[in-house]
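What follows is the residue order along each chain.
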Amino acid sequence: AVMVRLNQDADADNLASTNLQSAESNLRDLSVGQATTEFTKLQVLVQLGSSLLAQANLNPGTVLGLFR
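Residues numbered from 1 in each chain as written. Predicted model: local features only at pLDDT ≥ 70, side-chain atom pairs only at ≥ 80, totals over all residues. Heavy atoms only, no water.

S.K.: What am I meant to see in the pattern of salt bridges here?
M.R.: The final tally for this structure, using the stated rule, is 3 salt bridges. Across the pair Arg 28 and Glu 24 runs a salt bridge whose closest N-O atoms are separated by 2.8 Å. Of this pair, Arg 28 and Glu 24 both sit in helix α1 (residues 2–66), 4 residues apart, which is roughly one turn of the helix. Arg 28 gets classed as exposed once you look at its relative accessible area, which sits at 54%. Given a relative accessible area of 40%, Glu 24 falls into the partly exposed group. Linking Glu 38 and Lys 41 is a salt bridge whose minimum nitrogen-to-oxygen distance equals 3.6 Å. Of this pair, Glu 38 and Lys 41 both sit in helix α1, 3 residues apart, which is roughly one turn of the helix. Its relative accessible area of 44% is what places Lys 41 among the partly exposed residues. (Salt bridge = Lys/Arg side-chain N within 4 Å of Asp/Glu carboxyl O. Helix = DSSP H or I, 4+ residues; strand = E, 2+ residues; numbered from the N terminus. Buried < 20%, exposed > 50% of the residue type's maximum accessible area, 1.4 Å probe, protein only.)

Now the structure itself:
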C-alpha cells in the first residue's frame, strides 16, 4: 500500500511538472506573438511616415514649378 501511494505521488508530481512546462510554453508563445504584432505595427508606421515625408517634399517642388 505504501508503494502504491508513493507511485501515485510520483505520477502526480510528473503530471504537475508537465502541466507547468506546458503553461510556460504557452506564455512564451503568447509573448512572441505580441512582440511580432507590435513590431509589425511599428514597421507600418515607419513606412507610412517615410511615405508622407516623401510626398510632402514633392509638393513644394510642384508648387514652385507652377510659378516658372
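Once the structure has been displayed, the description carries forward.
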